[in-house]
Amino acid sequence: MRLTRVVTVACAAVLALAACGGGGGKEPAAAKSGSGSKLEKSTITVGVVPVPSSSPLYIAEKKGFFKEEGLTVKTEIIQAPQAVMPKILNGSMDAFLTSYVSLMSIQDSGAAKLKLFQHVQGGAPGIAGVVVPKDSPVKTVADLKGKTIAVNALKALGQTATQAHLGEAGLKPEDVKFVAIQFADQIGALASKKVDAAWLVEPFLSAAVKAGGTQIIDTTSGPTAGIPIDGWGVSEKWLTDNPNTAAAFHRALAKAQQIAGSDRNAINEVVPTYTQIPAPAVAAMKLGTFGMEPDMAAFQKLADLLQGYGYLSAKMDVTTLIPAKVG
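Residues numbered from 1 in each chain as written. Predicted model: local features only at pLDDT ≥ 70, side-chain atom pairs only at ≥ 80, totals over all residues. Heavy atoms only, no water.

1. Concerning the side chain of Q163
For step 1, the next point in the chain: Note on placement: Q163 falls in helix 6 (residues 157-168).
For step 2, the next point in the chain: With residues up to four places along the chain from it excluded, the contact list for Q163 reads P173, F178, Y309 and Y311. (Helix = DSSP H or I, 4+ residues; strand = E, 2+ residues; numbered from the N terminus. Contact = heavy atoms within 4.5 Å.)

2. With respect to the packing of helix 6 against helix 13 (residues 296-308)
For any two helices packed against each other, one specifies the crossing angle of their axes together with the interaxial distance.
For step 1, the next point in the chain: One can describe the packing of helix 6 onto helix 13 by two numbers: an axis separation of 10 Å at closest approach and a directional angle of 90 degrees. If you check the angle between helix 6 and helix 13, you find them roughly perpendicular. Counting all contacts with helix 6, which are made through L157, T160 and A164, the residues of helix 13 involved are L302, L305 and L306.
For step 2, the next point in the chain: Taken together, the residues that form the contact of helix 6 with helix 13 break down as five nonpolar, one polar and no charged. (Axes fitted to C-alpha atoms, helices over the stretch in contact; angles between N-to-C directions. Parallel < 35°, antiparallel > 145°, perpendicular 65-115°, else oblique. Nonpolar A, V, L, I, M, F, W, Y, C, P; charged D, E, K, R; others polar.)

3. A short note on unusual backbone geometry
For step 1, the next point in the chain: With omega at 5 degrees, the peptide bond leading from E202 into P203 counts as cis.
For step 2, the next point in the chain: You will see that K155, though not glycine, has its phi angle at about 55 degrees, which is positive.
For step 3, the next point in the chain: Along the polypeptide, K155 turns up in the loop between strand 6 (148-151) and helix 6.
For step 4, the next point in the chain: Positive phi, close to 65 degrees, is recorded for K193, a residue that is not glycine.
For step 5, the next point in the chain: Note on placement: K193 falls in the loop between helix 7 (183-191) and strand 8 (197-201).

The following block contains the structure:
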């Protein structure tokens, strides 16, 4: 079995605005999983993002967990889950890595009916935050009033988490301006004073501090402590149409997720193989918690924040995004 990586220059940068590659159609129900059940599809295509959160899938490949289940997993590097919804809907992509914010936004928009197939990473202190440049007059959160803050995408996790901290400091949403700038360009935007502050994740956060910046907000602590970051998403229809394949894929992912949660070295070993992050940087960066299940209270709190800021049209019960049973 071979894990196919589709990587282009446009896709290689973390969260670059692209969705690459092709896909695979439905196959005859002939292959059997490790449990002996016939698979509706023996080859599946999964959308991945070149960040540490994708590591459980690559751990599963390296350990042979997919092969044990009779599965061949092909990958496509993606940026925004929204961009690959046509592929999810037409069946040319079977699953995808998604932030919880994107999962809820897509569900709320009606573009697709989705389920959280497997949790990946929850927030932990130090993995994301707001940085100001060297010699900035901004020393506290309250000093951000009237300032411009860069985020990788508007009305997504960065803006939501940052606004929660601004509110705790007494600032209103309209007191700051958010602008969308890719992570790779944010340190330059800070240095040139194009923006007053930037919301960054690892490894960009450490790089910004190393360049002389000062982190003034840890956006995975305080009012946003423990918020779920990302997981694997699938469509409701895919789960219904491919129950045996879904069960086999889930068993393999779950075993890899357990390894990721207990062995940091397993993550360190695979991340450099599918990202442009060098091994020393991977080993040094802070990561969130790789658990088996999301913190449901924190999940609901994130949904409530999104709805409160107008990013969701209505209050969402996050339990509806969790499948009753896979397999």
